[in-house]
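Chain and residue survey
Residues per chain are reported as follows:
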Protein chains: 2
Amino acid sequence: MSQKTLPLSHSGMAALADTLPTPFHLYDEEAIRQQIRAFKEAFSWVPDFKNYYAVKACPNPAIIKIMAEEGFGADCSSYPELLLARDAGMRGEDIMFTSNDTPASEYVAAKELDAVINLDDITHIDFLNEVAGFPELISFRYNPGSGRTGNAIIGNPVEAKYGVREDQLIECYRKAQEKGATRFGLHTMVASNELEGSYIVETARMLFTKALEIHQNTGIIVEFVNLGGGIGIPYSLDQEAMDLEAVSRDIRALYERMIVPSALAGLNIVFECGRMVTGPFGYLVSRVLHVTSKYKEYVGLDASMANLMRPALYGAYHHITVVNKEEAVKDHVYDVTGSLCENNDKFAIDRTLPSIEEGDVVVIHDTGAHGHAMGFNYNSKLRSAEYLLKSDGEVQMIRRAETIDDLFATLKF
Amino acid sequence: MSQKTLPLSHSGMAALADTLPTPFHLYDEEAIRQQIRAFKEAFSWVPDFKNYYAVKACPNPAIIKIMAEEGFGADCSSYPELLLARDAGMRGEDIMFTSNDTPASEYVAAKELDAVINLDDITHIDFLNEVAGFPELISFRYNPGSGRTGNAIIGNPVEAKYGVREDQLIECYRKAQEKGATRFGLHTMVASNELEGSYIVETARMLFTKALEIHQNTGIIVEFVNLGGGIGIPYSLDQEAMDLEAVSRDIRALYERMIVPSALAGLNIVFECGRMVTGPFGYLVSRVLHVTSKYKEYVGLDASMANLMRPALYGAYHHITVVNKEEAVKDHVYDVTGSLCENNDKFAIDRTLPSIEEGDVVVIHDTGAHGHAMGFNYNSKLRSAEYLLKSDGEVQMIRRAETIDDLFATLKF
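It should be emphasised that the depicted structure is a prediction, and the values quoted were computed from it without experimental measurement.

Tallying secondary structure elements over chain A gives 12 helices and 18 strands in all. Since a compact globule built from 413 residues should have a radius of gyration of about 22 Å, the 23 Å found for chain A is in line with a globular shape. Along the first, second and third principal axes, the C-alpha set of chain A runs to 70 × 55 × 45 Å. Per-residue burial for chain A yields a buried fraction of 65% across its 413 residues. If you take every contact in chain A between residues at least 6 apart in sequence, the share linking residues at least 24 apart comes to 69%. Approximately 14200 Å² of chain A is accessible, and the part contributed by carbon and sulfur atoms is 48%.

A few words on the pattern of salt bridges. Residue and element names in this part refer to chain B. Enumeration over the complete set of coordinates arrives at 64 salt bridges over all chains. Two residues, lysine 50 and aspartate 94, come together in a salt bridge whose shortest N-O distance is 3.4 Å. In this pair, lysine 50 is assigned in strand E2 (residues 50-54) and aspartate 94 in the loop between helix H4 (79-87) and strand E4 (95-98), connecting sequence segments 44 residues apart. On the basis of relative accessibility, which here comes to 24%, the residue aspartate 94 falls in the partly exposed class. Across the salt bridge formed by aspartate 87 and arginine 86, the nearest N and O atoms sit 2.9 Å from each other. Note on arginine 86: relative accessible area 33%, which makes it partly exposed.

Moving on to the relation of the copies chain A and chain B. The transformation that overlays chain A on chain B combines an axial shift of 0.0 Å with a rotation of 180°, and the residual RMSD is 0.0 Å. The operation mapping one copy onto its partner corresponds to a two-fold rotation axis. Taking the C-alpha atom as reference, chain A places Phe376(A) closest to the rotation axis, 2.2 Å from it.

Taken together, the contacts link 85 residues of chain A with 86 residues of chain B. Per-residue buried area on chain A facing chain B is highest for Lys161(A), Lys294(A) and Tyr295(A); these three make up 12% of the total on that side. Along the contact surface separating chain A from chain B lie 8 salt bridges. The partner of Glu159(A) in a salt bridge is Lys296(B), and the shortest N-O contact between them spans 3.2 Å. Taken together, the links from chain A to chain B amount to 72 residue pairs in polar contact (both at pLDDT 80 or more). Elements represented by at least two residues in the side of chain A that touches chain B include exactly helix H4 (79-87), helix H6 (124-132), strand E11 (282-293), strand E12 (297-301), helix H11 (310-314), strand E18 (395-399) and helix H12 (404-407) of chain A.

Inspection of the entire model under this criterion finds 30 aromatic pairs over all chains. Relative to Tyr255(A), the ring of Phe208(A) lies with its centre 5.8 Å away and its plane at 65°, an arrangement referred to as edge-to-face. A residue pair is termed long-range when its members are at least 10 positions apart, and Phe208(A) in helix H8 (residues 197-218) and Tyr255(A) in helix H9 (residues 244-259) qualify at 47 residues. Just as Phe208(A) is buried, Tyr255(A) falls in that class too. Consider the rings of Trp45(B) and Tyr255(B), whose centres lie 5.2 Å apart with planes at 65°: the pair is edge-to-face. Residue Trp45(B) is found in the loop between helix H2 (29-42) and E2, and its partner Tyr255(B) is found in helix H9 (residues 244-258); the two are separated by 210 residues along the sequence. The pair formed by Trp45(B) and Tyr255(B) is uniform in burial state, with each residue classed as buried. Its end group placed over the ring of Tyr162(A), Arg141(A) keeps NZ or CZ at 4.0 Å from the ring centre.

Another aspect to go through is unusual backbone geometry. Here the residue pair Thr22(A) and Pro23(A) is connected by a cis peptide bond, since its omega of -5° sits within 30 degrees of zero. Structurally, Pro23(A) can be placed in the loop between helix H1 (10-19) and strand E1 (24-28). Even without being a glycine, Asp366(B) presents a positive backbone phi close to 60°. Tracing the chain through its elements places Asp366(B) in the loop between strand E16 (361-365) and strand E17 (385-389). What makes Asp366(B) buried here is its relative accessible area of 3%.

Moving on, we get to the confidence of the model for chain A. For chain A, the average pLDDT comes to 96, and 98% of its residues sit at 70 or higher. Scoring the predicted complex yields pTM 0.96 and, for the interface, ipTM 0.96.

Residues and elements named next belong to chain B. An ideal rise of 1.5 Å per residue puts 21 Å on 15 residues; H9 measures up with 21 Å between its terminal C-alpha atoms. Considered for burial, the residues of H9 that qualify are Leu244, Ala246, Val247, Ser248, Ile251, Leu254, Tyr255 and Met258. The inward-facing, buried residues of H9 abut H2, helix H8 (197-218), strand E10 (268-271) and helix H10 (275-278). Its side-chain oxygen placed 3.2 Å from the backbone nitrogen of glutamate 245, aspartate 243 serves as the N-cap of H9.

This next bit is on the domain arrangement of chain A. Residue and element names in this part refer to chain A. Under the domain assignment, chain A is made up of domain 1 (10-24 + 280-408) and domain 2 (29-278). Computed from C-alpha atoms alone, the centre-to-centre distance between domain 1 and domain 2 is 32 Å. When residues of domain 1 are sorted by the area they lose upon contact with domain 2, Phe281, His370 and Ser391 head the list and together hold 29% of the total. The tally of links between domain 1 and domain 2 comes to 0 salt bridges.

Our focus in this paragraph is the packing of H2(B) against helix H3 (residues 61-69) of chain B. Residues and elements named next belong to chain B. One can describe the packing of H2 onto H3 by two numbers: an axis separation of 10 Å at closest approach and a directional angle of 35°. The handedness of the crossing between H2 and H3 is right-handed. In this structure, H2 uses Glu29, Ile32, Arg33 and Ile36 to contact H3, whose residues at the interface are Ile63, Ile66, Met67 and Glu69. A breakdown of the residues in the contact of H2 with H3 according to their chemical character gives 5 nonpolar, no polar and 3 charged.

Our next topic: the side chain of Ser78(B). Tracing the sequence through the fold places Ser78(B) in the loop between strand E3 (73-76) and H4. Here the side chain of Ser78(B) touches Asn379(A) through a polar contact of 2.8 Å, landing on its backbone oxygen. In this view, Ser78(B) contacts Asn379(A), Ser380(A), Phe97(B) and Glu106(B); residues no more than four positions away in its chain are not counted.

Thresholds, definitions, all that
- Residues numbered from 1 in each chain as written.
- Chains lettered and ligands numbered in written order.
- Predicted model: local features only at pLDDT ≥ 70, side-chain atom pairs only at ≥ 80, totals over all residues.
- Heavy atoms only, no water.
- Helix = DSSP H or I, 4+ residues; strand = E, 2+ residues; numbered from the N terminus.
- Rg over C-alpha atoms; globule rule 2.2 N^0.38 Å.
- Buried < 20%, exposed > 50% of the residue type's maximum accessible area, 1.4 Å probe, protein only.
- Contact = heavy atoms within 4.5 Å.
- Areas by Shrake-Rupley, 256 points an atom, 1.4 Å probe, with all protein chains shown as cover.
- Salt bridge = Lys/Arg side-chain N within 4 Å of Asp/Glu carboxyl O.
- Least-squares fit on C-alpha atoms with pLDDT ≥ 70 in both.
- Buried area = accessible area lost by both parts, 1.4 Å probe.
- Polar contact = N/O pair within 3.5 Å; in protein donor to acceptor, adjacent residues only side chain to side chain.
- Phe/Tyr/Trp six-rings, centres within 6.5 Å; stacked < 30°, edge-to-face > 60°.
- Lys NZ or Arg CZ within 6 Å of the ring centre and 35° of its normal.
- pLDDT = per-residue confidence, 0-100.
- Expected span 1.5 Å × (residues − 1).
- Domains from an automatic or database assignment.
- Axes fitted to C-alpha atoms, helices over the stretch in contact; angles between N-to-C directions.
- Left-handed = near helix turned anticlockwise from the far one by under 90°.
- Nonpolar A, V, L, I, M, F, W, Y, C, P; charged D, E, K, R; others polar.

Structure follows, in structure tokens:
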């Protein structure tokens, strides 16, 4: 059973919600740093372990800077994300550029930054070469197709738009070598928000096998395997966080059996996790505007899909607590809604909660990844501010709330 | 069978895509004006027919201005939408403010504009009175609950967060009268993207019945019924547009039988349609970045969910044509994708199309409503520009494309 705690005492949260205009996102710096260190510690046996934080999960400079300070890299999928990584002080191989359906300009930018370019497609070998010149170090995204089943969220690999097909993989490395590449990596991403550790272990086994095959067929020494992201977080109380120590132990056993005695001895292992790094340590803090009875009981918040889209987009569960009512009896069943003219603008359906009143502060948990980042302006809603609860206890604004001027900015030209 | 035409000749579209940076949204002013006029003509027998255009569908000042010029009003659900209506020259009862879970500040703004306020909830009677004072003219949103089944998109009314419950409706009018209201309207919205005309006719019958009931119980004369929006458009070729003339004829028959001989003689009928007014007359124009083969065949566009979210969010069909290949044999099956690191960033799955090459201009149809408006910045993607093909043939930019400075604007404070 996971625990859902707040980063401040109940009175501290209440005071913060009285001070700052709601809704807002709050991130817990110290908890994020502890998570990063635990991740690194679990894989400390790996020659040069690194997690490339998936910038898309929380593209805020203050968050990316924490990653840089802790020795993590950045997984970028677009030009603005490359800029965020660069501006956080990341350089060269600190940055991995994994995109698909990539425009020429973005390859040029990634090449200029000496980022590790991870090609999504066999046709991109020539494309990259033409538009930016071929780099010394290149990686490929492998799509195992029917070799893996994918998981519920990312879907079946055979249906996925990503990566290089099984029968194209060896050819990709040969072609890249012809273009002048001398250093190589291998990447995959076959899960999203997965809590079953064996899934990640199987991914390691798959990439070790593929790396060895590549060597057998081409003589190429793959330097690193990137196991992708996809390590999930326990959104609901009955879920458990993945046991990273156990996953690491199982991967290490495979590594010692498959890699250490091989020509690939020294192979590095990296990840590109976003969600598990910041997800549990972000909170959407909102205030109750209305409590009412229709055919069901409703709690209406001042937050909406503009602040958090996962429940509406994926039917995702996010735990909800009410500040100062943590110990109250949960004897009410509510739909917790936002104010969009969109009936799926609901943060929770039929959720058992304590009795809620207008003005209560409601905290939506686990919004530190794919939360603010996915917000839109539908219904002309404004996206909220982001705050960092720093390790020293200070609460620092790291993104201001949008204004109507921001909303209308592209109407002025 | 619906026809999917382009607003310009094939060569005209090709030339436009060569001139303007893709992707971009294009709206056809003349077609929008014709649609508005046809809608008004179909209901010309109604005493003071008006459609309040749902601003959320396409919140661009140039589009709202067309509505104002043609005598349409605006259906607004937020403060910025009220500003868009005001700035397009709409005043007072040209504007209807239908929101839910409404903050005090937005009622104050709506009241100051003398907009028609449509209350979503019985508790909002006191709330509105306290925060803004009660207006002379008030409307209520009626939720029929189990009295109607809803349709697939809007869901079951009993599960919907909107409106006043069956057993609360009469009480709402009584309470509003006590607060000083002297003029009254009645509203509902029980369908979305509905193509079956009888559904709208049944909605009219339901509201006529309710308006008569309100009169019998309270003596209150309801001035107007707002049948809501929800008139769909034929996204796919095998669908047909709703026959507005037939719907109008059937509603008129009910009106003459139920309303004309009653105390409500003179009752006005209004709508709040967005989609059917602009939807078919908007086009997302995009260019092919990559064509490739994985386990399936893929066409990668320079557009993404940032430009059009309906296929990913709802699994919605949008028709796709390839400029200059309108007559070509359709002998290929593609997934047409955007570039987000999100596997559901696909505009079409297994779509039969002509053979497509890099650089082809692909037009995604029926994006004139809930298209640009729903775009987000996930993966740090930038939202595109909007252009209006004016009635005189000129193509005018009506919103510029977002820049990286826009994306990072809220990081500066």
